[in-house]
There are 2 protein chains.
Amino acid sequence: MKIAIYGYGNLGRGVETGIAHNPDLELVGIFTRRPPESVKAQTGVPVYAAERAEDFAGQIDVMILCGGSATDLPEMTPEMARHFNVVDSFDTHARIPEHFDRVDRAAFQTGHTALISGGWDPGLFSLARLYMNAVMPEGRDYTFWGRGVSQGHSDAIRRIPGVLDARQYTVPVAEAVEQVKAGKQPELSTRQKHLRECYVVVAENADREEIARTIREMPNYFADYDTTVTFITEEEMKRDHSALPHGGEVIRSGSTSEGTRHVMDFSLKLDSNPEFTGSVLLACARAVGKMHARGIFGCHTVFDVAPADLSPLPPEELRKKLL
Amino acid sequence: MKIAIYGYGNLGRGVETGIAHNPDLELVGIFTRRPPESVKAQTGVPVYAAERAEDFAGQIDVMILCGGSATDLPEMTPEMARHFNVVDSFDTHARIPEHFDRVDRAAFQTGHTALISGGWDPGLFSLARLYMNAVMPEGRDYTFWGRGVSQGHSDAIRRIPGVLDARQYTVPVAEAVEQVKAGKQPELSTRQKHLRECYVVVAENADREEIARTIREMPNYFADYDTTVTFITEEEMKRDHSALPHGGEVIRSGSTSEGTRHVMDFSLKLDSNPEFTGSVLLACARAVGKMHARGIFGCHTVFDVAPADLSPLPPEELRKKLL
């Protein structure tokens, strides 16, 4: 199956890295909005200008779109779905219905197959929530994120005057997680669920007090959380915070009858968020390719994909080895 | 959707209990191989003789088969699949391919839809293994069971002369689980993965030493494990060991590139194995009903079911609430 990557940032590189572990998938090209001659692919695969993508229609089985959810994907996915089968990792939860509809129309009209919101949340965590709710209707869901780097929160800190660099870790509150795992179904405020740890490099003459206060009081991002701010040097940032780990946990506890308690728990601990997400997108691309071959067009999410379609193994082997 | 239960033991009662939490499903009857007048359903639903089941063809959307895997289901599922859409929890892993083929033929020839091996293992744990393998091809899987009651092992002890009652708990070895969760990918022997705890009630004049030795040396069941045997009274058995808790954990650790390590973990802690399993079978029955309505006949497993089909919610609502 011929795969191409559209957008060559952290996620695009993660997809590229994952290809090596999927012998049934072949990476045939990378499309970038930067000047292609300025971009060197890790794997030596050809790099093309994004605006030339359409010329490759018919030569690529699935295009994996690695743009951002804020401004790239809302345009990119419907546009590309007119020419290719596509996969994206659109993660602006509130705008998923609208994004779905636009991609569905574009893909359906042109006989293409699309999957949006692949990755781990949305993605694997969504699947955990759906399965858990379906098999135990009476209960309560919790999702914890971290410990991991939030790019959005790191960026928000970087926009403060005097800040040179920043890394924000989202950290689940251990006591809250323990209570939930014990099946206690606590009522938890935003503050009781996650902490925010900020590591910040500032300019020499910057007012650290003021910057720390600005971070802690930033609405939406930090004001509702217990937030720690630690000032570090550029060298410390590079040495201790250049990886992009992440993870989290979906827990549902509930009952099937008076007095019974059941707890289901799905967790991820990831050394590299973009590499893992890229690896999930490759499995989604495989499913999209299979569905397209069966004439299943339009937009889908992981909820619509039979799990077997994500795997390279034939159904008989899956039943024998993994059932 | 009209549901019926075929076989009214622990699992059948578990399915019956679960119906209350699934307002879109209606339990219309229970079929038993015992004299139906001797059986009183918990919910007051009508109880019929198993041999009359065929008379109800056309009046039941999905029949949930709650027989045992050793001797009941290999006959029962293909036979019932000629007259009904069916769901079973067949769990003899080695015989799944053969069972699948027989059920597939029966269901396909008569235009019915079947799902075999529903439940949590096989079932939810199989799904965890499949998703984890698909999204991270490079890695290693581990499955731990327990702490929970193994009916098969309890029965094996009960067959020893002098034993009046027995309950066997399968217990994962904590150090092994910790190593696996830390992503260490240890090589683990059978003994290093699980312990077996046995609680045994014996006749007054029984030779306890001899019984304990017989248990510990029993091939397949106990010889390969560290096994503890505790003799208790009938009262203690009733007071402390009448529930049927179970659970377990599927863990896959692996990497996407040199030096990265990712750990995925799905765990269940269940107060009542038969009630939870019954609840899973109800979600499977819903999916079977939907697939049948779409003209998808023959035999399937959870691997072939789009997750959305397990849920009573429409796709738009799933995308909005759970994605």
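In this text, all values refer to a predicted model and were calculated from it rather than measured experimentally.

**A few points about the side chain of S257 of chain A**
Note that S257 of chain A resides in the loop between β12 (246–254) and β13 (262–270). Within the local environment of S257 of chain A, its side chain forms a polar contact with the side chain of E275 of chain B, the two groups lying 2.7 Å apart. Among residues more than four places away in sequence, those in contact with S257 of chain A are T17, H21 and E275 of chain B.

**Here we look at the sheet that holds strand β8 (residues 148–149) of chain B**
Residues and elements named next belong to chain B. Strand order in the open sheet formed by four strands is β8-β9-β10-β11, and the pairing between neighbours is mixed. The outermost strands of the open sheet, each flanked by one partner alone, are β8 and β11 (226–231). Of the strand pairs in this sheet, β8 and strand β9 (residues 163–172) are connected by two bridges, and their pairing is antiparallel. When the bridges of β9 are listed, V149 appears paired with Y169. Sheet strands in contact with helix α8 (residues 208–217) are β9, β10 (194–202) and β11, and its direction is about 150 degrees off that of β11.

**Observations regarding the environment of P219 of chain A**
Here P219 of chain A is to be found in the loop between α8 (208–217) and β11 (226–231). Residue classification places P219 of chain A among the exposed residues on the basis of a relative accessible area of 55%.

**Let's talk about the relation of the copies chain B and chain A**
Two copies of one chain are present, and they are related through a rotation about an axis combined with an axial shift. Between chain B and chain A, the superposition needs a rotation of 180 degrees and an axial shift of 0.0 Å, giving an RMSD of 0.0 Å. Here the transformation between the copies is reduced to the relation of a two-fold axis. When you check the interface residues of chain B against chain A, 100% turn up at the interface there too, and the contact is symmetric in its surfaces.

**Observations concerning the confidence of the model for chain A**
Summary statistics for chain A give a mean pLDDT of 97 and a share of 100% for residues scoring 70 or more. Taken together, the chains of this predicted complex give a pTM of 0.97 and an interface ipTM of 0.97.

**Describing the sheet that holds strand β6 (residues 113–115) of chain A**
Residue and element names in this part refer to chain A. Across the sheet, which stays open at both edges, the seven strands sit in the order β3-β2-β1-β4-β5-β6-β14 with parallel pairing between neighbours. A strand with exactly one partner marks an edge of an open sheet, and here the two such strands are β3 (47–49) and β14 (298–300). Here five bridges tie strand β1 (residues 2–6) to strand β2 (residues 26–32), and the two strands are oriented parallel to one another. The residue of β2 that forms the bridge with Y6 is F31. The strands touched by helix α1 (residues 10–18) within the sheet are β1, β2 and β4 (62–65), with β1 carrying the most contacts at an inclination of about 160 degrees. Its contacts with the sheet place helix α2 (residues 73–80) against β1, β4 and β5 (86–87), and it is angled at close to 175 degrees to β4.

**A word on the domain arrangement of chain A**
Residues and elements named next belong to chain A. You can read the domains of chain A as domain 1 (2–121 + 274–321) and domain 2 (124–271). Summarising the inter-unit geometry, the C-alpha centres of domain 1 and domain 2 are found 28 Å apart. Taken together, the contact pairs eleven residues of domain 1 with 16 residues of domain 2. Summing both partners gives a buried area of about 1100 Å² for domain 1 against domain 2, and 70% of it is carried by carbon and sulfur. On the domain 1 side of the interface with domain 2, the three residues burying the most area are W120, D121 and F303, jointly 56% of the side's total. Summed over the shared surface of domain 1 and domain 2, the result is one salt bridge. Across the pair R129 and D121 runs a salt bridge whose closest N-O atoms are separated by 2.8 Å. Across the contact surface, domain 1 and domain 2 share five residue pairs in polar contact (both at pLDDT 80 or more). The biggest single contributor to the side of domain 1 that touches domain 2 is helix α10 (residues 273–293), with three residues. Counted by class, the side of domain 1 that touches domain 2 contains seven nonpolar, three polar and one charged residues.

**A closer look at the state of the cysteines**
Residue and element names in this part refer to chain A. In total, this model carries zero disulfides over all chains according to the counting rule given. With no disulfide partner, C284 has as its closest neighbouring cysteine sulfur the one in C299, 12 Å distant. Among the residues examined, C284 registers a relative accessible area of 2% and is labelled buried.

**Here we look at the interface of chain B and chain A**
At the interface, 63 residues of chain B touch 63 residues of chain A. Across the interface of chain B and chain A, roughly 5400 Å² is buried in total on both sides, 65% from carbon and sulfur atoms. In terms of surface lost to chain A, no three residues of chain B exceed R319, L322 and L323 of chain B, which account for 15% of the buried area on that side. Linking chain B with chain A are zero salt bridges. Joining chain B to chain A, the criterion identifies 29 residue pairs in polar contact (both at pLDDT 80 or more). The sheet contact formed by β13 of chain A and strand β13 (residues 262–270) of chain B spans nine bridges and is antiparallel. Bridging across to β13 of chain B, L270 of chain A finds its partner in H262 of chain B.

Cut-off values and rules
- Residues numbered from 1 in each chain as written.
- Chains lettered and ligands numbered in written order.
- Predicted model: local features only at pLDDT ≥ 70, side-chain atom pairs only at ≥ 80, totals over all residues.
- Heavy atoms only, no water.
- Helix = DSSP H or I, 4+ residues; strand = E, 2+ residues; numbered from the N terminus.
- Polar contact = N/O pair within 3.5 Å; in protein donor to acceptor, adjacent residues only side chain to side chain.
- Contact = heavy atoms within 4.5 Å.
- Pairing = 2+ DSSP bridges.
- Axes fitted to C-alpha atoms, helices over the stretch in contact; angles between N-to-C directions.
- Buried < 20%, exposed > 50% of the residue type's maximum accessible area, 1.4 Å probe, protein only.
- Least-squares fit on C-alpha atoms with pLDDT ≥ 70 in both.
- pLDDT = per-residue confidence, 0-100.
- Domains from an automatic or database assignment.
- Buried area = accessible area lost by both parts, 1.4 Å probe.
- Salt bridge = Lys/Arg side-chain N within 4 Å of Asp/Glu carboxyl O.
- Nonpolar A, V, L, I, M, F, W, Y, C, P; charged D, E, K, R; others polar.
- Disulfide = S-S within 2.5 Å.

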